[in-house]
Amino acid sequence: STALRPASVATLELGQNRRNPVGEYSWIPVVVPRSGSAELRMYDLTGRVVYQTRDQFWDGAQQWRIRRDVLAADGLYFYELRYEDQTRIRRMIVD
């Protein structure tokens, strides 16, 4: 993860990945309200978890870098961010 700026926010924010469709890598913007651990999961269209990672974040805006080679095939994927009792989901295209 990469810290961008401090922020005072009340809820978790999950942005649209940049480089969509995904090239060699993609950045996923995240804003967390307090420092803590967050989990990112990526699902294929069948709902199978194809990638999962956990990281520590400072409060504020950050980015998660995802390499293309962690995703097995081209297509549509969903990514889910879990932080404390909050969850956010978005989708990405890999080609």
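Structure shown above.
Predicted model only: the values in this text are computed from it and were never measured.

What counts and how
- Residues numbered from 1 in each chain as written.
- Predicted model: local features only at pLDDT ≥ 70, side-chain atom pairs only at ≥ 80, totals over all residues.
- Heavy atoms only, no water.
- Core = buried A, V, L, I, M, F, W, Y, C linked by side-chain atoms within 4.5 Å.
- Buried < 20%, exposed > 50% of the residue type's maximum accessible area, 1.4 Å probe, protein only.
- Helix = DSSP H or I, 4+ residues; strand = E, 2+ residues; numbered from the N terminus.
- Contact = heavy atoms within 4.5 Å.
- Polar contact = N/O pair within 3.5 Å; in protein donor to acceptor, adjacent residues only side chain to side chain.
- Pairing = 2+ DSSP bridges.
- Axes fitted to C-alpha atoms, helices over the stretch in contact; angles between N-to-C directions.
- Phe/Tyr/Trp six-rings, centres within 6.5 Å; stacked < 30°, edge-to-face > 60°.

J.: Which residues make up the nonpolar core, and what values go with them?
T.: Counting residues in each nonpolar core, the largest one holds 20 residues, and the members touching the most others are Ile28, Val30, Trp64 and Met92. At the level of elements, β3 (25–32), β4 (36–43), β6 (60–67), β7 (75–83) and β8 (86–94) are the ones that each hand at least two residues to this core. With four residues, β7 is the single largest residue contributor to this core. Apart from the residues within four sequence positions on either side, Ile28 is in contact with Leu14, Gly15, Asn17, Leu40, Gln62, Gln63, Trp64, Ile66, Tyr79 and Met92.

J.: Run through the environment of Arg68, naming residues and quoting values.
T.: Tracing the chain through its elements places Arg68 in the loop between β6 and β7. By relative accessible area, which is 18% here, Arg68 ends up buried. Linking Arg68 and Val94, residues 26 residues apart in sequence, is a C-alpha distance of 7.9 Å. Residues within four places of Arg68 in sequence aside, it is in contact with Val22, Gly23, Glu24, Tyr25, Ala73, Asp74, Val94 and Asp95. Polar contacts involving the side chain of Arg68 include one to the main-chain carbonyl oxygen of Leu71, which spans 2.7 Å. Among the polar contacts made by the side chain of Arg68, one reaches the side chain of Asp74 at a distance of 2.5 Å.

J.: Give me the lowdown on the pairing of β7, citing residues and values where you can.
T.: In summary, the side chains of a regular strand alternate between the two faces of the sheet. Relative to β7, β4 runs antiparallel, the two being bridged by six bridges. Each residue of the ladder has a partner; that of Tyr43, found in β7, is Phe78. Direction of pairing for β7 relative to β8: antiparallel, over a ladder of nine bridges. Each bridged residue has a counterpart across the sheet, and for Gly75 the counterpart in β8 is Val94.

J.: Please provide a residue-by-residue account of the sheet that holds β7, values included.
T.: One open sheet holds the four strands; their spatial order is β5-β4-β7-β8, and the pairing between them is antiparallel. Of all the strands in the sheet, just β5 (49–57) and β8 have a single pairing partner and so form its edges. Pairwise comparison of adjacent strand axes, ignoring direction, gives a mean angle of 20° for this sheet.

J.: Quick one: what's the story with the side chain of Asn17, residue by residue and with numbers?
T.: Tracing the backbone through its elements, the reader meets Asn17 in the loop between β2 (13–14) and β3. A distance of 3.5 Å separates a polar atom in the side chain of Asn17 from the backbone oxygen of Arg19.

J.: Pulling in residues and values, what's your account of the packing of aromatic side chains?
T.: Enumeration according to the criterion identifies two aromatic pairs in this entry. On the numbers, 6.1 Å between centres and 85° between planes, the contact of Tyr25 with Trp27 is edge-to-face. Taking relative accessible area as the criterion, Trp27 reaches 23% and is therefore assigned partly exposed. Their ring planes at 70° and their centres at 4.9 Å tell us that Phe57 and Trp64 sit as a pair that is edge-to-face. The two residues Phe57 and Trp64 agree in class, both being buried.

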